[in-house]
Protein chains: 2
Amino acid sequence: MQKKINPSSRRKFIKKSATLTLATGSILTLPQTNFANQSPSISQNNSINYIGPKDGYTPQIGTLVSMMNWMRDTVLSSVQGMSIKDLDYLHDKNSNSIGAMLWHLAATERFYQINTLEGKKWGDWEKKDDKEFSTAMGLGNKGRKKIKGNNLDFYLEKLNRVREHSLKELANQDDEWLLKIDPNWMWREPTNNYCKWFHVVEHESNHNGQIKFIKSRIVS
Amino acid sequence: MQKKINPSSRRKFIKKSATLTLATGSILTLPQTNFANQSPSISQNNSINYIGPKDGYTPQIGTLVSMMNWMRDTVLSSVQGMSIKDLDYLHDKNSNSIGAMLWHLAATERFYQINTLEGKKWGDWEKKDDKEFSTAMGLGNKGRKKIKGNNLDFYLEKLNRVREHSLKELANQDDEWLLKIDPNWMWREPTNNYCKWFHVVEHESNHNGQIKFIKSRIVS
């Protein structure tokens with residue numbers, strides 16, 4: 001799994017459709033990856049572009065996992081090969097750096113893990129997690145001040161470590177758990193675990209849109 | 001359905017967690033909506049924050065539809081109340097306006113409809129669709145030049161009309177169709193219909209990240 005989402009192990013093949021011009025966030029920047037270690041006999045439902053039930057997980061959890069993998073692959077393709085300078089770049093005084101956003105994605109996933117898998121209230125983090133992730137979770141001024149000078153591997157290690165734990169723990173849950181509503185959740189409408197985890201996924205896309213916007217404006 | 005995603009029919013309740021500061025794309029901007037016309041006896045799985053199988057659709061299609069609804073609700077909350085000036089605002093010479101991005105989302109969904117539901121090749125659009133959606137699909141210079149001066153309702157009408165058609169047509173499909181791989185699709189790895197439709201959803205989040213970034217920088 002980790003090999004698949006490690007950008008250093010793949011090359012990108014971007015095919016451009018003649019009917020479309022390139023736009024930030026356009027469909028043309030989407031995964032068309034080639035994994036160096038991929039077996040030619042890989043079954044179709046192991047394709048990164050196969051969203052749906054997945055071996056080792058209940059049907060809806062497998063579908064969620066396939067989305068998590070696809071989305072992560074897309075984010076990693078945006079930041080592939082970035083230097084510390086790129087990762088630290090602040091577009092304006094209110095921008096978050098790309099590095100801070102990557103850490104923020106790991107933080108979000110970690111906190112949702114603790115909430116949904118360990119049943120703890122939002123904010124009830126152990127010291128270790130609070131120390132590692134709260135600044136990145138909050139971004140803003142504190143993030144701009146504290147998150148800098150790290151190379152890409154620093155952020156990838158956090159993303160990979162947190163993701164590995166998600167995949168392991170999600171394999172131990174079932175669809176009934178995924179659909180279960182948390183009566184104490186802070187959003188106004190009844191919210192289930194699937195909604196929280198779908199948010200973890202789409203939130204990566206939200207920041208990927210910003211990462212691409214900023215990336216194309218980095219002043220070298 | 002349309003009432004639910006019409007931002008004019010709802011108020012927003014944003015609860016802020018003391019442990020988090022507000023960040024563009026943070027979890028704090030997520031749907032905590034109250035629908036004016038909502039019955040108090042609404043069942044939990046009709047909650048906008050319930051992701052999962054849905055009446056009127058096969059299980060995986062229902063899950064997809066619940067994601068489509070949730071994501072659209074989130075995008076619409078970002079643009080609620082925007083003036084023509086806001087919708088036309090260009091942050092820099094390479095930016096897309098928020099109005100153009102909204103049209104772009106409708107265009108993307110329309111083209112994926114034609115491809116996945118009508119079985120046509122990408123780019124094989126009828127004149128009517130090409131005329132309405134190709135400029136918005138491409139964004140860029142042509143989009144900046146041609147897409148301006150429209151009010152929010154102009155874009156919402158397109159988004160709602162296209163979405164209504166998606167929901168009607170998806171109700172006529174089943175999970176087997178959703179999981180089916182398109183052997184002719186332009187991405188390198190085998191891609192199924194669920195992947196294409198998941199992309200339609202996460203692509204809204206990608207642009208929502210940019211919409212929020214630009215929105216917070218509009219010079220009044």
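Look up a bit, the structure's there.
Residues numbered from 1 in each chain as written. Chains lettered and ligands numbered in written order. Predicted model: local features only at pLDDT ≥ 70, side-chain atom pairs only at ≥ 80, totals over all residues. Heavy atoms only, no water.

1. Points about the overall build of chain A
How we decide: Secondary structure is summarised from DSSP: a helix means a run of H or I of at least four residues, a strand means a run of E of at least two, and numbering begins at the N terminus for each. Here's how the labels work: a residue is buried when its accessible area is under 20% of the maximum for its type, exposed when over 50%, partly exposed in between, all with a 1.4 Å probe on protein chains only. Contacts are residue-level and defined by heavy atoms, with any inter-residue pair within 4.5 Å sufficient. Using the Shrake-Rupley algorithm and a 1.4 Å probe, accessible areas are obtained, with residue cover drawn only from the displayed protein chains.
Along the backbone of chain A there are 9 helices and 4 strands. Put simply, chain A runs from its N terminus to its C terminus through helices and strands in the order α-β-β-α-α-α-α-α-α-α-β-β-α. Relative to its 220 residues, chain A shows a buried fraction of 60%. Taking all contacts inside chain A whose residues are at least 6 apart in sequence as the whole, residues at least 24 apart take part in 67%. If you sum the accessible surface of chain A, you get close to 9,200 Å²; carbon and sulfur atoms cover 50% of it.

2. Observations regarding the pattern of salt bridges
To be explicit about the condition: Note on definitions: salt bridges are taken to be side-chain nitrogens of Lys or Arg within 4 Å of carboxyl oxygens of Asp or Glu.
Within this structure, the stated rule accounts for 26 salt bridges over all chains. Salt-bridge contacts for Glu189(A) lead to Arg188(A); the nearest nitrogen and oxygen are separated by 3.8 Å. For Glu109(B), the salt bridge identified is with Arg72(B), shortest N-O distance 3.1 Å. With Glu109(B) in helix H4 (residues 98-117) and Arg72(B) in helix H2 (residues 59-79), this residue pair connects regions lying 37 residues apart in the sequence. Taking relative accessible area as the criterion, Arg72(B) reaches 1% and is therefore assigned buried. Taken together, the shared-partner salt bridges connect Arg72(A), Glu109(A), Arg163(A) and Glu204(A) into one network.

3. Digging into helix H5 (residues 127-138) of chain A
Residue and element names in this part refer to chain A. Selection criterion: One less than the number of residues in a helix, times 1.5 Å, gives the span that helix is expected to have.
Over its 12 residues, H5 extends 16 Å from the first C-alpha to the last, a length consistent with the 16 Å expected when each residue adds 1.5 Å. Buried-residue contacts for H5 involve helix H4 (98-117), helix H6 (140-146) and helix H7 (152-170). Among the residues trailing H5, leucine 139 stands out with phi positive, at a value near 50°.

4. Regarding the environment of Asp174(B)
Residue and element names in this part refer to chain B. Among the structural elements, aspartate 174 can be located in the loop between helix H7 (152-170) and helix H8 (175-179). Separated by 113 residues in the primary sequence, aspartate 174 and isoleucine 61 have C-alpha atoms spaced 6.9 Å apart. The residues touching aspartate 174, leaving out its near neighbours within four places in the chain, are Thr58 and Ile61.

5. Structural notes on a positive patch on the surface
Using the following cut-off: Patches here are clusters of residues that have more than 30% relative accessible area and form no salt bridge, with a 9 Å joining cutoff for like charges and a 5 Å cutoff for nonpolar side chains (Val, Leu, Ile, Met, Phe, Trp, Tyr). Charge assignment: positive for Lys and Arg, negative for Asp and Glu; neither His nor the chain ends contribute. Taken as the charge centre is NZ of Lys, CZ of Arg, CG of Asp or CD of Glu, depending on the residue.
Together, Lys142(A), Lys145(A), Lys146(A) and Lys148(A) give the surface a local cluster of positive charge. You can see Lys146(A) is positioned in helix H6.

Taken by themselves, the reported measurements are silent on function.
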